[in-house]
Amino acid sequence: MAVDELHAIIQRCQILEEVDFKGEDFNLFQVASQKCLEDGHAAQLLEVIQNEKNKVIIKNMGWNLISPLVRCIFTYKQEDGKREHCLKIVHQLAQLCNPKELFLGLLEQIEQTSGEQVCQTVMLLLQPLQTVLLKLQNKKAYSVGLSLAMIMNQLTPLPVPYTKQQIQEDKLGLCQCCNAVVDFAKPFVNEVVKNMEKLSEYNDMELKEELLKFCMKSLKYPLLTAQFEQLEGIEEHPFRHFATEIIDILWDIRELIPLVVLHHKGKSPQWENQEFADIERKNSADSLACLSYLMFVQHFGIDRFPMVFSPSYLLQCNMTHIEMLLKRTEESMLSKGLDLFESCLLRVEDNSLLHHYLEFRDFINIPQDLVKLMTLCPIEHLRKKSLNILQLFIDKFDAEGKYTLFRCLLKTSNHAGVEGYIIKNIKDQIHLSLTKACDNIWFTGHHLISLLDLVLLLPEGAETDLLQNSDRIMASLNLLRYLVIKDCESDNQTGVWTALAKIEQNFLKPLHVGLNMSKAHYEAEIKNKKEDRREAHSSNTVCSVTVSGEKMPAMTTEMQLQVLHSALFTFDLIESVLARVEELIEVKIKAVMDEN
């Protein structure tokens, strides 16, 4: 019945001139064709479309069939012959239909798809869409750009497979689809390359800009989120392949080196709305950071990179990208930021980075970002890596650079563990200064005394929380002990003996008072807990502790006592080192007095 209706409409339209087709004819043709597809008569519809007599009809009306065809293709199984007939119809429509109308029909279908069918729909329609675009004469660059933008916008909400299992399963088909989109873009890349010598032609310039936009979008998604490590059992990593293709396109259109070195990214739209301008700027920064990561960490396209730039210049170029990545919260981006920073630092020789680099904002901000990662990141391997890279960063600077960096981190870290780590670094630099033949003015004499003013003090005097600051205090005491042992009062290379009175006033005396107060407080707490336990006749009494508004697991009295005893042990440890320092000072002073 549906086939008969279709034949009747075709016969009526065959005798009409193209200009005489009416809206009613379009509707009747679409309804009859759709009924044929729904009733399983795809083969008969294919015959109608392939009939040379119907060429004009299909040219004008065929684009309406894209939506019902896509629906039918998804209802049939892979091996079903009817599905194959539908695919052939799509191919025929791409050859016969008015390119402009079919282009809009295909794009509308891609725009309307959602969820799990996004990748399937895109991959299904890429070939006919490419065929149609290659036929377009007017506004080809605009149409190619619109197609690529639409496809990427539809793919972007999909989660990027990250683990080996997710990549192998490729549940939504994203890995396969991304590489299919690159193949879709290749004829247009070739067209730009062919006309590269005549780029004054406006259309070619436009096409190049559209391809550049596509590459920038691809760098942000999925490549910025993707994982690139070689995975056992996966012969060709889909995202490594996709990244290689994107780098190749950038190279072919002569944009790779300008993007990496000059951060030139083509024409940016002039947004009147500041919010849109900020989004555009952020997206561009994400893309450029990903490109630098691919080149300098994964070495995609590195063989094309000119080897004329110094390691310190490349580090400087990448600091903006590193800072952007380290401010993110996603594991994949933090990991990329750390890898890029490490890769750039490893190229630089130790002690070769001039202190002037610390005048750049990024060189001061990034170590502070590393400190936040080290202390706040919930992912252990990223915390450890951050610490290693901070040390690597410190090692690259000259003496004045290290000195400036230490002062900055002591003032900004607000974390006793980090401050303790920096103080240990200061001790190592003093040791090098005292044992080397060359004189290092930054870690001896008045420069060092100025630095020790930040180290050998209690932040809040005798009322400082000694338990919370124990790492810093122990590191400071160990540094002072080292200075007293290593530097004789007669030499006084470090200047510590000159500053001894100030050190006693600002550090040693308040520490004594603080230790006495803290020990008395905790001993009283222990006594109270023991009395509470006796009154309750049970060690199973629990108390609740609230931290930042969240209730922590209940603590028994025994557990509370363990914590209190542990605190007392820490105070005893600090006290023993303090006593040893004071004993060493006394012995040294007595020895000098005896000598005199």
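Residues numbered from 1 in each chain as written. Predicted model: local features only at pLDDT ≥ 70, side-chain atom pairs only at ≥ 80, totals over all residues. Heavy atoms only, no water.

Enquirer: Would you take a moment to explain the pattern of salt bridges for this structure?
Expert: In total, this model carries 26 salt bridges according to the counting rule given. Each of K220, K282, D286, R328 and E330 takes part in salt bridges that share partners, so that together they form one network. (Salt bridge = Lys/Arg side-chain N within 4 Å of Asp/Glu carboxyl O.)

Enquirer: Got a minute to help me understand the packing of aromatic side chains in this structure?
Expert: The relation between two aromatic rings is expressed through the spacing of the ring centres and the mutual angle of the planes. Evaluation of the coordinates by the stated rule reveals 16 aromatic pairs. Residues F309 and Y313 carry aromatic rings whose centres are separated by 5.5 Å and whose planes lie at 20° to one another, so their mutual orientation is stacked. The exposure class assigned to Y313 is partly exposed, which follows from its relative accessible area of 31%. Taken together through their ring pairs, the aromatic side chains of F341, Y357, F360, F363, F393 and F397 make up a single cluster. The side chain of K336 reaches across the aromatic face of Y293, ending 5.4 Å from its centre. For K427, the ring lying beneath its charged end belongs to Y482, and the centroid distance is 5.3 Å. (Phe/Tyr/Trp six-rings, centres within 6.5 Å; stacked < 30°, edge-to-face > 60°. Buried < 20%, exposed > 50% of the residue type's maximum accessible area, 1.4 Å probe, protein only. Lys NZ or Arg CZ within 6 Å of the ring centre and 35° of its normal.)

Enquirer: For this particular structure, what's the right way to read the nonpolar core?
Expert: One recurring pattern in soluble globular proteins: nonpolar side chains tend to sit buried together. Counting 186 residues, the largest nonpolar core has L155, F214, L294, F341, L477 and L511 as its most contacted members. Not counting residues up to four positions away in its chain, the partners in contact with L155 are V118, C119, L174, C177, V181 and Y221. (Core = buried A, V, L, I, M, F, W, Y, C linked by side-chain atoms within 4.5 Å. Contact = heavy atoms within 4.5 Å.)

Enquirer: How should I be thinking about unusual backbone geometry in this particular structure?
Expert: With the exception of glycine, most residues fall at negative phi, and the peptide bonds are largely trans. The residue after Y221, namely P222, is reached through a cis peptide bond having omega 10°. By the secondary structure assignment, P222 is in helix 12 (residues 202-223). Although it is not a glycine, D170 sits at a positive phi angle of roughly 45°. Mapped onto the fold, D170 is located in the loop between helix 10 (164-169) and helix 11 (174-194). (Helix = DSSP H or I, 4+ residues; strand = E, 2+ residues; numbered from the N terminus.)

Enquirer: What's the story with helix 18 (residues 361-376) in this structure? I'm lost.
Expert: Given 3.6 residues per helical turn, the α-helix brings residues three or four places apart onto the same face. Look at helix 18: 22 Å from first C-alpha to last across 16 residues, which is about the 22 Å you get at 1.5 Å a residue. Buried residues of helix 18: D362, F363, I366, P367, D369, L370, V371, L373 and M374, and no others. (Expected span 1.5 Å × (residues − 1).)

Enquirer: Please explain the packing of helix 17 (residues 331-346) against helix 18 as it appears in this structure.
Expert: To characterise two packed helices, one gives the angle between the axes of the helices and the distance between these axes. Here helix 17 crosses helix 18 at 130°, and the two axes come no closer than 13 Å. For the element pair helix 17 / helix 18, the angle class is oblique. When the axes of helix 17 and helix 18 are compared, the crossing they make is left-handed. Note on element contacts: helix 18 touches helix 17 through I366, L370 and L373, opposite L334, L338 and F341. (Axes fitted to C-alpha atoms, helices over the stretch in contact; angles between N-to-C directions. Parallel < 35°, antiparallel > 145°, perpendicular 65-115°, else oblique. Left-handed = near helix turned anticlockwise from the far one by under 90°.)

Enquirer: Would you take a moment to explain the side chain of S386 for this structure?
Expert: As for its placement among the helices and strands, S386 is situated in helix 19 (residues 380-396). On the accessibility criterion, S386 (0% relative accessible area) is buried. There is a polar contact of 2.7 Å between the side chain of S386 and the backbone oxygen of L382. Those residues in contact with S386 that lie beyond four places of it in its chain are L338, L370, L373 and M374. (Polar contact = N/O pair within 3.5 Å; in protein donor to acceptor, adjacent residues only side chain to side chain.)

Enquirer: Whenever I open this one, the environment of R361 confuses me. Can you help?
Expert: If you trace the backbone, R361 turns up in helix 18. In sequence terms R361 and T320 are 41 residues apart; their C-alpha atoms lie 9.4 Å from each other. Here the side chain of R361 touches E323 through a polar contact of 3.3 Å, side chain to side chain.

Enquirer: Is there a simple way to explain the state of the cysteines in this structure?
Expert: Two cysteines joined by a covalent bond between their sulfur atoms form a disulfide. Using the criterion set out here, one finds zero disulfides in the structure. The thiol sulfur of C178 is not disulfide-bonded, and the nearest other cysteine sulfur, from C177, lies at 6.1 Å. Given a relative accessible area of 2%, C178 falls into the buried group. (Disulfide = S-S within 2.5 Å.)

Enquirer: Looking at this model, I keep getting lost on the confidence of the model for the protein chain. Mind explaining?
Expert: Any residue range with low pLDDT should be treated as having predicted coordinates unsuitable for detailed reading. Across the protein chain, pLDDT averages 86, with 88% of residues at or above 70. For the protein chain, strand 1 (residues 542-547) is the element with the lowest average pLDDT, namely 54, and helix 19 is the one with the highest, namely 97. (pLDDT = per-residue confidence, 0-100.)

Enquirer: Whenever I open this one, the packing of helix 19 against helix 21 (residues 416-435) confuses me. Can you help?
Expert: In contact at an axis separation of 12 Å, helix 19 and helix 21 are set at 35° when each is read in the N-to-C sense. Two packed elements cross with a definite hand, and for helix 19 against helix 21 that hand is right-handed. Contact residues: helix 19 offers L387, Q391 and I394, while helix 21 offers Y421, I422 and N425. Along the lines of polarity and charge, the residues of the contact of helix 19 with helix 21 split into four nonpolar, two polar and no charged. (Nonpolar A, V, L, I, M, F, W, Y, C, P; charged D, E, K, R; others polar.)

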